[in-house]
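Letter by letter, the chains look like this.
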Amino acid sequence: MTEVQTSSRPTARLVPGQAGRSSPADFDIERVRRDFPILGEPVHGKSLVYLDSAATSQKPQAVIDAMSHFLLKENANVHRGVHYLSERATDAYEGARAKVKQFLNAKDVHEIVFVRGTTEAINLVAQTYGKTHVGADDEVLITAMEHHSNIVPWQMLCEEKGARLRVAPITDAGELVLSELEKLIGPKTKLVAVTHVSNVLGTINPIRQIVELAHARGARVVVDGAQAAPHLRVDVQALGCDFYAFSGHKMYGPTGIGVLYGRSELLDEMPPYQGGGDMILSVSFEKTVYNKPPGKFEAGTPNMAGAVGLGAAIDFLASLGQGALSAHEQDVLDYGIRALAEVPGLRLIGTARGKASVISFVLDDVHPHDIGTILDREGIAVRTGHHCAQPLMSRLGVVATARASLACYSARHDIDALVSGLAKVREVFR
Ligand SMILES: Cc1ncc(COP(=O)(O)O)c(C=O)c1O
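The paragraphs below set out a description of the structure included in this document. All values derive from a computational prediction rather than experimental measurement. (Residues numbered from 1 in each chain as written. Predicted model: local features only at pLDDT ≥ 70, side-chain atom pairs only at ≥ 80, totals over all residues. Heavy atoms only, no water.)

Concerning the pattern of salt bridges
Consideration 1: Evaluation of the coordinates by the stated rule reveals 24 salt bridges.
Consideration 2: Note that Lys-99 and Asp-315 form a salt bridge whose closest N and O atoms lie 2.7 Å from each other. Here the residue Lys-99 occupies a position in helix H3 (residues 84-104), and Asp-315 occupies one in helix H10 (residues 304-320), the gap between them amounting to 216 residues.
Consideration 3: Taking relative accessible area as the criterion, Lys-99 reaches 30% and is therefore assigned partly exposed.
Consideration 4: Lys-183 is paired through a salt bridge with Glu-180; the nearest N and O atoms lie 3.0 Å apart. You can see Lys-183 and its partner Glu-180 sitting in helix H6 (residues 178-184), three residues apart, about one turn around the helix.
Consideration 5: With relative accessibility at 29%, the residue Glu-180 sits in the partly exposed group.
Consideration 6: Ionic contacts of the salt-bridge type, sharing partners, join the residues Arg-220, Asp-242, Arg-263 and Glu-265 into one network. (Salt bridge = Lys/Arg side-chain N within 4 Å of Asp/Glu carboxyl O. Helix = DSSP H or I, 4+ residues; strand = E, 2+ residues; numbered from the N terminus. Buried < 20%, exposed > 50% of the residue type's maximum accessible area, 1.4 Å probe, protein only.)

Comments concerning the sheet that holds strand E4 (residues 112-115)
Consideration 1: Spatial strand order, E4-E10-E9-E8-E7-E5-E6: seven strands in an open sheet with mixed pairing. Strands at the two margins of the open sheet, each flanked by one partner only, are E4 and strand E6 (164-168). Ignoring strand direction, the axes of neighbouring strands in this sheet form an average angle of 20 degrees.
Consideration 2: For strand E5 (residues 139-143) and strand E7 (residues 189-195), the ladder comprises three bridges, and the chain directions are parallel. Counted as the bridge partner of Glu-139 is Thr-189 from E7.
Consideration 3: Helix H5 (residues 152-161) rests against E5, E6, E7 and strand E8 (220-224) of the sheet, and its axis sits at about 145 degrees to E6. (Pairing = 2+ DSSP bridges. Axes fitted to C-alpha atoms, helices over the stretch in contact; angles between N-to-C directions. Contact = heavy atoms within 4.5 Å.)

So, the environment of Ala-324
Consideration 1: Relative to the helices and strands, Ala-324 is located in helix H11 (residues 322-341).
Consideration 2: When its relative accessible area of 10% is taken as the criterion, Ala-324 is described as buried.
Consideration 3: Once the C-alpha coordinates of Ala-324 and Gly-256 are considered, the two residues, 68 residues apart in sequence, prove to be 29 Å apart.
Consideration 4: If we ignore the near neighbours within four places in the chain, the residues touching Ala-324 are Ser-22, Asp-26 and Phe-27.

A word on the packing of aromatic side chains
Consideration 1: What the rule picks out here adds up to nine aromatic pairs.
Consideration 2: Considering the side-chain rings of Phe-36 and Phe-316, the 5.5 Å spacing of their centres and the 80 degrees angle between planes classify their relative orientation as edge-to-face. One end of the pair, Phe-36, is in the loop between helix H1 (29-34) and strand E1 (42-43); the other, Phe-316, is in helix H10, with 280 residues separating them in the sequence.
Consideration 3: You can call Phe-316 buried: its relative accessible area is 6%.
Consideration 4: Pairwise contacts between aromatic rings join Phe-36, Tyr-50, Tyr-252, Phe-316 and Tyr-409 into one cluster. (Phe/Tyr/Trp six-rings, centres within 6.5 Å; stacked < 30°, edge-to-face > 60°.)

So, helix H14 (residues 412-428)
Consideration 1: Between its first and last C-alpha atoms H14 spans 25 Å; for 17 residues at 1.5 Å apiece the expected length is 24 Å, and the two agree.
Consideration 2: Every buried residue of H14 is listed here: Asp-414, Ile-415, Leu-418, Gly-421, Leu-422 and Val-425. Each buried residue of H14 lies within a common arc of 120 degrees when the element is viewed along its axis, so the set occupies one face. (Expected span 1.5 Å × (residues − 1). Arc of directions from axis to C-beta.)

Overview of H3
Consideration 1: When the terminal C-alpha atoms of H3 are compared, their 31 Å separation across 21 residues agrees well with the 30 Å that a helix rising 1.5 Å per residue should span.
Consideration 2: The complete set of buried residues in H3 reads Ser-86, Ala-89, Thr-90, Ala-92, Tyr-93, Ala-96, Arg-97, Val-100, Phe-103 and Leu-104. Buried positions in H3, seen along its axis, are confined to an arc of 160 degrees and lie on one side of it. Turned more than 90 degrees off the buried face of H3, the exposed positions are Tyr-84, Asp-91 and Gln-102.
Consideration 3: Tucked inside the fold, the buried residues of H3 contact helix H2 (61-74), E4, helix H8 (236-239), strand E9 (243-247), strand E10 (258-262) and H10.
Consideration 4: Positive backbone phi, approximately 50 degrees, marks Asn-105, located one or two places after H3.

Here's the deal with the site of the ligand
Consideration 1: In the vicinity of the ligand, 13 residues are found, and the nearest of them are Thr-119, Asp-224, Gln-227, Ser-247 and Lys-250.
Consideration 2: With respect to the ligand, the side chain of Thr-119 contributes an N or O atom lying 2.5 Å from an oxygen atom.
Consideration 3: Interatomic distance of 2.7 Å between a side-chain N/O atom of Gln-227 and an oxygen atom of the ligand.
Consideration 4: Here the ligand, which alone exposes 390 Å², has 84% of that area covered by the protein.
Consideration 5: Here the residues of the shell around the ligand sort into one nonpolar, ten polar and two charged. (Near = heavy atom within 4 Å. Polar contact = N/O pair within 3.5 Å; in protein donor to acceptor, adjacent residues only side chain to side chain. Areas by Shrake-Rupley, 256 points an atom, 1.4 Å probe, with all protein chains shown as cover. Nonpolar A, V, L, I, M, F, W, Y, C, P; charged D, E, K, R; others polar.)

Written as structure tokens, this is what we have:
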């Protein structure tokens, strides 16, 4: 396996149009940090340095308050009651859907399906659209940088249908080889499933271009937006994708809620995912008539408080301003890449030209778990391991990496603390 080379260009740029004209100075980082109560919690007697936001983000007070308001004042089951609280709960739940529609710039609110998270969204597409459109000898194309959530559901589908899973390659820097991806899209390709932002490399993929290549050959595109939704402006109409999946908990919302966006005409003709209450219009022992989307895909009592929390997270993100947020996150990312590139023995993993909020690295021959454990004693939270991307680890020729990941509350001083922590790691392993 080829190893990823140390960066020859230790800065990264968000793709054009993402950062707007704002400067990091437009962003009051200390005020934003005060919105996150957990950042004041000491860890092993030290101030918390939270650099694990790609795994899950911390929650602002506004999200905590919105969820507790719902549970204290509005909780009842949705869609089913004529009573006051049920109507309020339904309004709150459907109001959250309207916020998601706006957040993604979807055409229609019925294109927004609430699910548990990105994993469930991708499984839903595989088990509904995939089951009805992928047959024996057909192909599903993914890339070498996918999270297990965007590999295994397709593998399961291909196994069941006798179809073939194909994999588009990446460069040593962690960029997709578009010319190779293009060659792999043929008449048998029914679906292209690709991550918008890699959770290991931070690479931002050119989704619009991939969609054009796929659509030109009649393939549908599923985008894993788990790591993009918290950082980039996502406009599903501009991207042109057929499906887009993301998780609430990585973008300041709660766990257990996520979104599948699907184009209306596809959702309309797809079979349901699960059977049960709420996904039907009528049931008899002879025949069930299914609800229209999104209800058709939301069997059972949904995560109402979760949806409300996600709606509040979207409001919170909007309050930061996309331009100012992108400029701030880009600044901390560039600062982090430059600072870590100076640490003796450290090798950056993932040096694509367009990157968002993830810095993976290895340090000499110290096992990443040891790095993580020593940093933890300093109050610094980073993720270590294969990051649910074992095939990518093999491609990179490593068994694991350490990963620092950023969010709106990340500051340059978090990077400084990480660099000091890494000096301690080096002392221990000298
Ligand atoms: C790129 C990517 N895709 C999918 C997922 C799965 O998200 P979830 O566990 O919220 O379903 C993750 C989570 O880390 C991710 O980073």
